[in-house]
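# Coordinates in review
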2 protein chains.
Amino acid sequence: MTGSGTTLDDYTDRYAQRVRGMTASEIRALFAVASRPEVVSLAGGAPYVSALPLDAVGEMLGRLALDHGATTLQYGIGQGTLELRERICEVMALSGIDGDLGASPEDVVVTVGGQQALDLVARLFLDPGDVVIAEGPTYVGALGAFQAAQAEVVHVAMDDDGLIPEALEAAITQVAAAGKRAKFLYTIPTYQNPAGVTLSEPRRERVLEICERAGLLVVEDDPYGQLGFEGDAPAPLRARRRDGVFYLSTFSKTFAPGFRVGWVLAPHAVREKLVIASEAQILCPSAYAQAAVTAYLTSMPWREQLKSYREIYRDRRDALLDSLTQLMPEGSHWTRPAGGLFVWATLPDGLDAKAMVPRALSARVAYVPGTGFYADGDGTANLRLNFSFSAPDRIREGVRRLASVVEQELSMRSVFGAVHRGGAPDDPVTLLDVAEAGPPPQPESGR
Amino acid sequence: MTGSGTTLDDYTDRYAQRVRGMTASEIRALFAVASRPEVVSLAGGAPYVSALPLDAVGEMLGRLALDHGATTLQYGIGQGTLELRERICEVMALSGIDGDLGASPEDVVVTVGGQQALDLVARLFLDPGDVVIAEGPTYVGALGAFQAAQAEVVHVAMDDDGLIPEALEAAITQVAAAGKRAKFLYTIPTYQNPAGVTLSEPRRERVLEICERAGLLVVEDDPYGQLGFEGDAPAPLRARRRDGVFYLSTFSKTFAPGFRVGWVLAPHAVREKLVIASEAQILCPSAYAQAAVTAYLTSMPWREQLKSYREIYRDRRDALLDSLTQLMPEGSHWTRPAGGLFVWATLPDGLDAKAMVPRALSARVAYVPGTGFYADGDGTANLRLNFSFSAPDRIREGVRRLASVVEQELSMRSVFGAVHRGGAPDDPVTLLDVAEAGPPPQPESGR
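Since we're looking at a predicted model, the values are computed, not measured. (Residues numbered from 1 in each chain as written. Chains lettered and ligands numbered in written order. Predicted model: local features only at pLDDT ≥ 70, side-chain atom pairs only at ≥ 80, totals over all residues. Heavy atoms only, no water.)

## Description of the interface of chain B and chain A
Counting residues at the interface gives 96 residues for chain B, matched by 96 residues for chain A. Across the chain B/chain A interface, buried area totals approximately 7800 Å², and carbon plus sulfur atoms make up 59% of it. Where chain B packs against chain A, one counts 2 salt bridges. In this structure, Asp119(A) engages Arg123(B) in a salt bridge whose closest nitrogen and oxygen atoms are separated by 2.4 Å. For the side of chain B that touches chain A, the secondary structure elements donating two or more residues are helix 2 (54-72), helix 4 (113-125), helix 5 (140-148), helix 8 (268-282), helix 9 (287-299) and helix 13 (432-437) of chain B. Per-element tally for the side of chain B that touches chain A: the top contributor is helix 2 of chain B, with 12 residues. Split into classes, the residues belonging to the side of chain B that touches chain A amount to 54 nonpolar, 22 polar and 20 charged. (Contact = heavy atoms within 4.5 Å. Buried area = accessible area lost by both parts, 1.4 Å probe. Salt bridge = Lys/Arg side-chain N within 4 Å of Asp/Glu carboxyl O. Helix = DSSP H or I, 4+ residues; strand = E, 2+ residues; numbered from the N terminus. Nonpolar A, V, L, I, M, F, W, Y, C, P; charged D, E, K, R; others polar.)

## Let's talk about helix 2 of chain B
Taking 1.5 Å per residue as the helical rise, helix 2 of chain B with its 19 residues ought to reach 27 Å, whereas the 20 Å between its terminal C-alpha atoms falls clearly short. At Leu66(B), helix 2 of chain B shows its largest kink, close to 60 degrees. Of the positions making up helix 2 of chain B, those classed as buried are Leu54(B), Val57(B), Gly58(B), Met60(B), Leu61(B), Gly62(B), Leu64(B), Ala65(B), Gly69(B) and Thr72(B). For helix 2 of chain B, the secondary structure elements touched by its buried residues are helix 2 (54-72) and helix 9 (287-299) of chain A together with helix 9 of chain B. (Expected span 1.5 Å × (residues − 1). Bend = angle between axes of the 7 residues up to and from the residue. Buried < 20%, exposed > 50% of the residue type's maximum accessible area, 1.4 Å probe, protein only.)

## A short note on the confidence of the model for chain A
All names here are of chain A. When the pLDDT values of chain A are averaged, the result is 90; 89% of them are 70 or greater. Of the regions scoring below 50 in pLDDT, residues 1-8 engages in 6 contacts with residues more than four places distant in sequence or in other chains. Across residues 422-431 the pLDDT falls below 50, and counting only partners more than four positions away or on other chains, this stretch makes 34 contacts in the model. Among the scores for the predicted complex, ipTM is 0.92 and pTM is 0.92. (pLDDT = per-residue confidence, 0-100.)

## Brief notes about the packing of helix 6 (residues 165-177) of chain B against helix 7 (residues 201-214) of chain B
Residue and element names in this part refer to chain B. The N-to-C vectors of helix 6 and helix 7 enclose an angle of 15 degrees; their axes lie 10 Å apart at closest approach. The angle between the axes of helix 6 and helix 7 places the two elements in the roughly parallel class. Read as a crossing pair, helix 6 and helix 7 show a hand that is right-handed. Residues Pro 165, Glu 166, Leu 168, Glu 169 and Ile 172 of helix 6 pack against Arg 203, Arg 206, Val 207, Ile 210, Cys 211, Arg 213 and Ala 214 of helix 7. By residue class, the composition of the contact of helix 6 with helix 7 is 7 nonpolar, no polar and 5 charged. (Axes fitted to C-alpha atoms, helices over the stretch in contact; angles between N-to-C directions. Parallel < 35°, antiparallel > 145°, perpendicular 65-115°, else oblique. Left-handed = near helix turned anticlockwise from the far one by under 90°.)

## A word on the relation of the copies chain B and chain A
For the pair chain B and chain A, the superposition axis carries a translation of 0.0 Å, the fit reaches an RMSD of 0.0 Å, and the rotation angle comes to 180 degrees. Considering both components of the superposition, the chain copies are consistent with a two-fold axis. Nearest to the rotation axis, the C-alpha of Gly62(B) is located 2.1 Å from it, this being the minimum over chain B. Of the residues that chain B buries at the interface, 100% are likewise interface residues in chain A, meaning the two copies contact each other through the same surface. (Least-squares fit on C-alpha atoms with pLDDT ≥ 70 in both.)

## Notes on the sheet that holds strand 14 (residues 382-386) of chain A
Across a sheet, strands are paired by hydrogen bonds formed along the backbone, either parallel or antiparallel in direction. Residues and elements named next belong to chain A. Read from one edge to the other, the open sheet built from 4 strands follows the order 10-11-14-13, with strand pairing classed as antiparallel. The open sheet is flanked by strand 10 (333-334) and strand 13 (368-369), the only strands paired with a single partner. In this structure, strand 13 lies alongside strand 14, joined through 2 bridges in antiparallel fashion. Within strand 14, the position partnered with Pro 369 by the bridge is Leu 383. (Pairing = 2+ DSSP bridges.)

## What about the packing of aromatic side chains?
Across all of its chains, the model carries 29 aromatic pairs over all chains by this definition. Ring geometry for Tyr15(A) and Phe125(B): centres 5.4 Å apart, planes at 25 degrees, overall stacked. With Tyr15(A) in the segment before helix 1 (26-31) and Phe125(B) in helix 4, the pair connects residues from two separate chains. Across the pair, exposure class does not vary: Tyr15(A) and Phe125(B) are buried alike. Consider the rings of Phe251(B) and Trp263(B), whose centres lie 5.0 Å apart with planes at 40 degrees: the pair is tilted. Of this pair, Phe251(B) sits in the loop between strand 8 (245-250) and strand 9 (261-265) while Trp263(B) sits in strand 9; the two residues are 12 residues apart in sequence, bridging distant segments of the chain. Looking at Phe251(B), the relative accessible area reads 3%, which means it is buried. For Trp263(B), a relative accessible area of 3% gives the class buried. Among the aromatic residues, ring-to-ring pairing joins Phe255(A), Phe259(A), Tyr288(A), Tyr296(A), Phe255(B), Phe259(B), Tyr288(B) and Tyr296(B) into one connected group. (Phe/Tyr/Trp six-rings, centres within 6.5 Å; stacked < 30°, edge-to-face > 60°.)

Printed below as a string of structure tokens:
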């Protein structure tokens, strides 16, 4: 384990157990560079919020204080406002999660983005040493939350149809054989982050059956489900089961991440405990942010906006895929997402995506190396490429730069043999800032 | 332990250890009643946000999206924006926590209100079974955060000059003698919640010395320090020490709670771990909320507003104290806060404040019973009365109703002997919603 072992830290012997291993990534420092305007960032998971009608949104936000300040500027209740929970149920009903399946405002808990939803589920179910089964690769923030609960993550491989059911069965068997307890399957079935693949229709039922048979809860994370470019995605897992599935989502990708509003639809018996856990953590979600999302869903043409996000992202995905095809050296390959924000690429044999980061940044292109998306050090040959934030021309320029860095790595390899590899993988949680929130996005000149 | 032992809950055997004891209070249900307009609420900890210039605030909030939407609606970094952290340092410098004492934007972590600040400190330092020393009574939300970390709270008594140093020394000795490890002193030295008392000038140095000698960190929670009615409060503990003190505060009482913006000023060595822990929990604080607070501190006369809050609250405190003096039956007593939001009252001998809640609500007055502010079941004779939210006339009417309920309890006692007591105290965290965030405030007709 790399780390800052020599740092003066008077507090070391006072920390809780769960703090061990919380070390900052050296990559984080590198990424300070990535926020410079001359760098094309294919890192981050930022939606293109400049596509929002900012004048109308601004007008709406101003009125929330002017007309309703006594409530929007005040404390609220821990579960979140009933108004927003009702709107959330309407949103979920669009993908088939409706009242017939027991989805009700009473069982929705509003959270600080999807991240707090994950953290609450982790707090509720994970004791130190418990196992979470998750796709490999998976969302870096989920790894952070599971690690904070001192749980162990066992990865299950995916192919172009998503999670492989046989691999899931094998993982469950392996965990049981090791005498450990798997508490839930954590899955992003639709337009997966970072892999960009989608669990196929026939596999959805299979996965649910496997989990039921094994007595495994399912934590379904669905931030991207409404961002499909080629028709609707298969219905969420929660739309197929009344019980046993936690459904997590967020308005960060369908509206804007700046308000930090997400939610959990929890099994009824669990919902109250989620609220109590959330209160201990944040007291209550922001009344103003909740009012903003409620007003957006009530008074603005949000489905039109979603359509506009989809069109913008489809163009950008196409720009990314086309230029990867044109420019990347032989031996590289990548996924072809039907929605969402990310492409998962694999470098030619023997190249190390993390070791390559400094060279890429020198060449003014940023990406997130693959190791951050695994709990076990896998992913050295991988990189995650974001296509939601940068304009198509910038994306093409970014791929041009990236391809030339990869070419250089390949020629170094042919001259010197194996190229330098970085040390052991960083603790995944330390990549969180880089991979999702940062680097702070710069205004795009290209649009 | 009272609780919902007979509830059908398929998930019971899957929960993490830390979930045990998370049961909802029966009081919470009662308090749904307290949000009705006919009830005078002396419960809650809501500031009087209607005193804000809502037109100017609304205008400011609208512009944040219109002029800066590309950043305010976007993700930010886990630590919080540099702009806000710089303003926070200016705010702290007003109470003597300045650069000479090592206070720098680099060591500030922006949080989701003061509650997340508490929870982060708890996560960083508390293993199951560790001890926190805290005033008795203390902030119910702190108890919730410490309990979620499975820590034990040992209370230290206060008098009118705040925490009693000798009692602190005794508590430290007692914890050590029990072979347990106290990790920190949690204290609200100024205008304490719920007691309303302030740690005197001479005691501040004493308390710091005792903690230093015992190798105990200090977690200083200071949400109310700028809300003094009788001149400035004694300087915070952090203004007297460079190291060993975590300083926590929030804009919930000085601006508005609806944005959920608080902060920790942490010792340098610890700050990075706080950021990593916060990222695992919420990814990043709301960019929009941070921009709102930054704009408020930059472009609006916030010190004038603070003066206005102080004047309003002083009038309301006076209304509360005067009517308590005039109306409460003999044998009751209460504190006389020089600032903040709360008065702590004690009922005549033998009365039980929690058992009295249903009768008080029938008489259309609400308060928070004292047991919620103790980890150990103490506080049965106590109630916390809030004076920040309701207008003076409403406060007087509330005390009139409260006094008559107490009179009735006393006459019941003289007829039937000891009055009915409730069951064992509820788990403190379950009172959080009631005590701080809820019941949802109603517009005041009286003002």
